[in-house]
Amino acid sequence: MIPPTSTGSTPETAPPPPRLQNLLAQRGVASRRAAAELIKAGRVCVEGKPVLEPGARISPSARLMVDGHLVGAEPEQRRTFLYHKPVGEVCSTDGQGARSVLETFRNFKLRLVPVGRLDKESEGLLLVSNDGDLIQRMTHPRFAHRKIYEVDVDRPPTPHQLDILKSPLVLEGYRIRPVPVVLLSSKKLRFTLSEGRHRQIRLMCEKAGLRVLRLRRIALSGLTLGDLPPGHYRELTSKEINALRAFHP
């Protein structure tokens, strides 16, 4: 029996330890969703032993390792950058045989990851961050962050082709919602996406009989590239980060 306190009340029950995937996100390893995938893949060890359950309750003082690398006990300073990704770079941590967008940030000594993706042939606005909560918010479909793209195609689209682009297409077995498409000039289109399937715009143009010559993301939920040159970055302000956290579709 627990003895009463001097006030006659019962001591509060201590909160349970955090879940492993949340602990990794708090320490800046990845978003909660990405951390869960790392855990399921057997890439995370707790006190030297693999743990495969993302929801496992883990002491905050536990020794964690990811891919054999020790994860710091203290959370990293959360930092988020707006990067102008050039053509030829890939949005992966290992590069997969090409230059990774993270090469530009290698001197920061932070566990930064790309937020979302742009394929190798595409360019434009990309966020790079170690803020697990923000990464989760920016990549989860339910938040539907708006992305604007300018796309050059190989020929002037006909009215019928524009109608196809604006229709609820089926891409690789998945039905997408209708997308706002605006003709900016004879061969330049602007797409506004709020879901963003892999290579969605290229597949949409293929359905319409158009070939993409250049695809450039110019805006993301209020953020714009401005005059930032390809291969350069700037850090987001606290005001910009707060706006992203507060964004609702």
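Calculation notes
Residues numbered from 1 in each chain as written. Predicted model: local features only at pLDDT ≥ 70, side-chain atom pairs only at ≥ 80, totals over all residues. Heavy atoms only, no water. Helix = DSSP H or I, 4+ residues; strand = E, 2+ residues; numbered from the N terminus. Buried < 20%, exposed > 50% of the residue type's maximum accessible area, 1.4 Å probe, protein only. Contact = heavy atoms within 4.5 Å. Areas by Shrake-Rupley, 256 points an atom, 1.4 Å probe, with all protein chains shown as cover. Lys, Arg positive; Asp, Glu negative; His and termini not counted. Charge placed at Lys NZ, Arg CZ, Asp CG, Glu CD. Phe/Tyr/Trp six-rings, centres within 6.5 Å; stacked < 30°, edge-to-face > 60°. Core = buried A, V, L, I, M, F, W, Y, C linked by side-chain atoms within 4.5 Å. Salt bridge = Lys/Arg side-chain N within 4 Å of Asp/Glu carboxyl O.

Student: Would you explain the overall build of the protein in this entry?
Tutor: When its secondary structure is counted, the protein shows six helices and 15 strands. By residue count, 43% of the 249 residues in the protein fall in the buried class. Residue pairs in contact within the protein that sit at least 24 positions apart in sequence constitute 65% of those at least 6 positions apart. With an accessible surface of roughly 13,800 Å², the protein has 52% of that area assigned to carbon and sulfur atoms. For the protein, the centre of its 40 positive side-chain charges and the centre of its 25 negative side-chain charges are spaced 2 Å apart.

Student: Please explain the packing of aromatic side chains as it appears in this structure.
Tutor: Each aromatic ring pair is characterised by the separation of its centres together with the angle its planes make. Under the criterion given, the structure shown has seven aromatic pairs. Seen from their ring centres, F81 and F105 are 5.3 Å apart, and the 45° between their planes marks the pair as tilted. Pair noted here: F81 is in strand 5 (residues 80-85) and F105 is in the loop between strand 5 and strand 6 (113-115), with a separation of 24 residues, a long-range link. Each member of the pair F81 and F105 is classed as buried.

Student: When you look at the environment of R175 in this model, what are you seeing that I'm missing?
Tutor: With respect to the helices and strands, R175 occurs in strand 10 (residues 174-175). With relative accessibility at 54%, the residue R175 sits in the exposed group. In this view, R175 contacts P168, L169 and V170; residues no more than four positions away in its chain are not counted.

Student: Just to check I follow, could you spell out the nonpolar core for this structure?
Tutor: The nonpolar side chains of soluble globular proteins are, as a tendency, buried together. The biggest cluster of nonpolar side chains holds 30 residues, and the ones touching the most others in it are Y149, V151, L165, F191, I201, M204 and C205. Among the elements of the structure, strand 5, strand 7 (123-129), strand 8 (147-153), helix 4 (159-165), strand 12 (188-193), helix 5 (200-207) and strand 13 (212-220) are those that each provide at least two residues to this core. Sorting elements by how many residues they give to this core places helix 5 first, with four residues. Apart from residues lying up to four places away in sequence, F191 is in contact with K147, I148, Y149, V151, L165, V179, P180, V181, I201, M204 and C205.

Student: I would appreciate a short explanation of the environment of L244 in the present structure.
Tutor: With respect to the helices and strands, the residue L244 is situated in helix 6 (residues 238-246). Taking the C-alpha atoms as reference points, L244 and V113, separated by 131 residues in sequence, lie 17 Å from one another. Other than its neighbours up to four places away in sequence, L244 contacts L127, L134, R137, M138, H145, S221, L223 and L236.

Student: Help me understand the pattern of salt bridges in this model?
Tutor: Where charged atoms from two side chains of opposite charge come close, those side chains can pair. Enumeration over the complete set of coordinates arrives at 14 salt bridges. Residue E103 pairs with R106 through a salt bridge whose shortest N-O separation is 3.7 Å. Of the residues examined, E103 reaches a relative accessible area of 34% and is grouped as partly exposed. Overlapping salt bridges bring together R78, D131, D133 and R245 as one network.

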